[in-house]
Each structure stands twice: as structure tokens, then as C-alpha cells.
Amino acid sequence: MKSANAVLILIGLLVLGYLGLIFSRPSLREMNPMEVLQVLLGETKDSLRKEKFVSFKAPDGHYKVAFPGTPGELNIYNGWLHPTVVPLPCYFIADRDLGFYVTEIAVSNSEAPGRINIPGPDRALLGQSGGNNEMVAQSGQGDIISQIQEFLILQSETMVKNGGGSLFTKLPASSGGGRYFGRALEGSAKDPGTRYRLQVFYDQQNKRLFAISVVGKPEAIQSKQANQFLGSLQILP
């Protein structure tokens, strides 16, 4: 009985604390409890729409990207606050409508294209143009260009699956003026009513994979802010 009373007292204190927080911060009043928790623990901002984009380079990273503010790190401990299709750890910043995410992944020799057996090519996609990806349509199944494309298809679709998302569209992409092959995907995210745009690029010379994504409301992922973020990625040597 004492333990039950203690639990009730704890719940009561939490409710009172929550109500006090809502009263003291009017901006939280229209949010649901999960959104309030994201603001308090997940570095979620009330709104990033008017924030100035600032160039960011991750410590020991090999990319630059422009965030609308100063990003934080999302990892296995706080990742549940902001479900994303980008593998953790990653750098991110988010408001109630839109989240911005980017990460870099080292690719082992055993996983790198040219050293693994991969499924047959996706002919419908390989025939589409995207930077220097038009070369893929003219290449043989066994050459390195086709293998990089298949590697990107496998990696990007695995990211979406592991992130609890579904896939609507996927197209070839490129970065660095065509130097880095990539893939651009779009679909529904894990949380109901949210969607994502994901771009994945591969640095063949240094065996590095880069993933950049926006996740949020359907109209927000197509916004000027989202386009500016996705287009700002620079892959470094």
C-alpha cells in the first residue's frame, strides 16, 4: 500500500510540474506531451523558420553542411526523441515542423563496392539521369560504377527500413559536381503524419558514406529551408 501511495504521489508531482511548466512557457501550450519532452530533452526549437543558416563541420568529420542554427548530437541515448531515417549517431536540429539530420559512415573493405556480391541491378532506375549517373545505363553489371549504384540502393533502402519508414520514390543523385554518386529517396517517416527526404552519397576513394535528411510535416520537407539544407552538403577529402 505504501509503495502504491508513493507512486501516486510521484505521478501527482509530475503532473503538477508539467502544468507549471506549461503555465510558465506559453509556447509549449499547443504541444502534446511528447513534443514538450522533445523541447526539454531533444534540443527542439519552437521554430527555426527565421533562423540564419550557419556552416557546420562535424569534429573529425569529412563534410560541411549549413544548419539553421547550432546542431546537437543525436545518439543511441536520445535518438528515441527524434526518429529519423539517418543512422545514429548524427548531427541534427529540429523544430515542431521539421528536423535536419546528417551523418558520416566509414565503409569497411569487406563492404565496399567491388568486394561484395550484390543483387542484380535495378534497370528502371539505372536508366534515369542524375549528374554523372547516366554512365550507369551504359555500364556492365560487373563494373565498379554499377556496383556502387547497387551498394547505394542497398544502403539507402536499409536506412529507411531500419528507421521505420516506407519508400515512395528513389532516384539517382550526385554531389561535388558529379564526383560522388548518390541516391535520393522520399517517403513516409516512422511517426504518423510525417515524411522524409533522404540523400545518400558515397566517396569511393576514401570509403565513406554520407547521409543527409529532412523529416517532418509533408509541406515542410518541400520548403525552401529544406532545399537549402539538402543542397548545402559539401563532401571533403
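Residues numbered from 1 in each chain as written. Predicted model: local features only at pLDDT ≥ 70, side-chain atom pairs only at ≥ 80, totals over all residues. Heavy atoms only, no water.

Student: I would appreciate a short explanation of unusual backbone geometry in the present structure.
Tutor: Peptide bonds are, in most cases, trans, and in most cases residues other than glycine have a negative phi. The omega angle of the peptide bond from Leu-88 to Pro-89 is 0 degrees, so this bond is cis rather than trans. One can find Pro-89 in the loop between strand 4 (72–74) and strand 5 (90–95). You will see that Asp-60, though not glycine, has its phi angle at about 65 degrees, which is positive. Here Asp-60 is to be found in the loop between strand 2 (54–57) and strand 3 (63–67). The exposed category is assigned to Asp-60, whose relative accessible area is 75%. (Helix = DSSP H or I, 4+ residues; strand = E, 2+ residues; numbered from the N terminus. Buried < 20%, exposed > 50% of the residue type's maximum accessible area, 1.4 Å probe, protein only.)

Student: Please clarify how the packing of aromatic side chains should be interpreted in this entry.
Tutor: Given two aromatic rings, their pairing is described by the distance between the two centres and the angle made by the two planes. A complete count under the given rule lists seven aromatic pairs for this structure. Their ring planes at 75 degrees and their centres at 5.7 Å tell us that Phe-56 and Phe-67 sit as a pair that is edge-to-face. Of this pair, Phe-56 sits in strand 2 while Phe-67 sits in strand 3, and the two are eleven residues apart along the sequence. Judged by relative accessible area, which is 17%, Phe-56 ranks as buried. Judged by relative accessible area, Phe-67 falls into the buried class, the value being 0%. Taken together, Phe-56, Phe-67, Tyr-91, Phe-100 and Phe-229 form an aromatic cluster joined through their ring pairs. (Phe/Tyr/Trp six-rings, centres within 6.5 Å; stacked < 30°, edge-to-face > 60°.)

Student: Help me out: how do you make sense of the pattern of salt bridges in this one?
Tutor: Pairs can form between side chains of opposite charge whenever their charged atoms are close. One pass over the full model with this rule turns up six salt bridges. One salt bridge in this structure joins Arg-208 and Glu-104, with 3.9 Å as the shortest N-O distance. Separated by 104 residues along the polypeptide, Arg-208 in strand 10 (residues 208–216) and Glu-104 in strand 6 (residues 98–106) bring together distant segments of the chain. By relative accessible area, Glu-104 is classed as partly exposed at 25%. The structure contains a network of salt bridges with shared partners spanning Arg-49, Asp-97 and Lys-217. (Salt bridge = Lys/Arg side-chain N within 4 Å of Asp/Glu carboxyl O.)

Geometric values such as these leave the question of function open.
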